[in-house]
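# Inside the fold
Chain residues, written in single-letter form:
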Amino acid sequence: MTPKYCANCQGRLRKMSLAGHVRFGCPQCGLVAYGMVRLGVAALLCTRSGDIVLVKRALQPGFGHWTMPGGYIEEDETPRQAVRREIHEELGIAAPQELSLTGVYREASPGAVTIVYQGVITDERPHVLVESLNVRPFAISQIPWSELYFLSTRDALHDWICRHASY
Ligand SMILES: [Zn+2]
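These remarks concern the structure in this document. (Residues numbered from 1 in each chain as written. Predicted model: local features only at pLDDT ≥ 70, side-chain atom pairs only at ≥ 80, totals over all residues. Heavy atoms only, no water.)

A few words now on the overall build of the protein. Across its full length, the protein holds two helices and ten strands. If you list the helices and strands of the protein from N to C, you get β-β-β-β-β-β-β-α-β-β-β-α. Taking the principal axes of its C-alpha atoms as reference, the protein extends roughly 60 × 30 × 30 Å. Counted over contacts in the protein with a minimum sequence separation of 6, partners at least 24 positions apart contribute 58%. For the protein, the computed accessible surface area is about 10,100 Å², with 53% contributed by carbon and sulfur atoms. Within the protein, the 16 negative side-chain charges are centred at a point lying 11 Å from the centre of the 17 positive side-chain charges. (Helix = DSSP H or I, 4+ residues; strand = E, 2+ residues; numbered from the N terminus. Contact = heavy atoms within 4.5 Å. Areas by Shrake-Rupley, 256 points an atom, 1.4 Å probe, with all protein chains shown as cover. Lys, Arg positive; Asp, Glu negative; His and termini not counted. Charge placed at Lys NZ, Arg CZ, Asp CG, Glu CD.)

Time to look at the sheet that holds strand 1 (residues 14-18). One open sheet accounts for three strands, arranged 1-2-3; its pairing is antiparallel. Only two strands of the sheet have a single partner each, and these edge strands are strand 1 and strand 3 (32-33). With five bridges joining them, strand 1 and strand 2 (residues 21-25) adopt antiparallel strand pairing. Counted as the bridge partner of Lys15 is Phe24 from strand 2. (Pairing = 2+ DSSP bridges.)

Leu45, Val83, Ile87 and Leu91 are the most contacted members of the largest nonpolar core, which totals 16 residues. Of all the secondary structure elements, the ones that give two or more residues to this core are strand 4 (38-47), strand 5 (52-57), helix 1 (79-91) and strand 9 (112-121). Look past the residues within four positions of Leu45 in its chain and what remains in contact with it is Asp51, Ile52, Val53, Pro69, Ile87, Leu91, Pro96, Gly119 and Ile121. Within the second largest apolar cluster, 15 residues are counted, among which are Ala42, Cys46, Leu54 and Val116. (Core = buried A, V, L, I, M, F, W, Y, C linked by side-chain atoms within 4.5 Å. Buried < 20%, exposed > 50% of the residue type's maximum accessible area, 1.4 Å probe, protein only.)

Don't take any of this as a statement about function, it's just geometry.
Written out as structure tokens, the structure is:
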């Protein structure tokens, strides 16, 4: 979705070639209309026995597929606040005290990028809430790779497993 008018001077945007990319820009003031990137967060949550908690989505896109709990960052949140909120909203549990960065991943949908944090959940049991059909921990050998939805879920799990390859 490309805007027609410049957000700075309201001039009509035109296609321009900039550093090898064709982009829309303003011939009057030089503003370049870069595409919007939407930032999401997701949580790679591990139980103390080393299983990974996945959520079966009750919403489109990806209805019926497994993903990590996550969602978009609100404008007034830090990424860590967003992932803590999503863990609470989707699993009904408090987020782990310690959350470390797993990585930053591109999604299949253009402009969507997901920041993935990892942490260990201790004694609390995740619940099935409105946004999910099921929530459960999976042993690494049982991860339903063909039923995962977001690229961030697949790629972050892959990275996490490679880093923990000692077992
Ligand atoms: Zn302009």
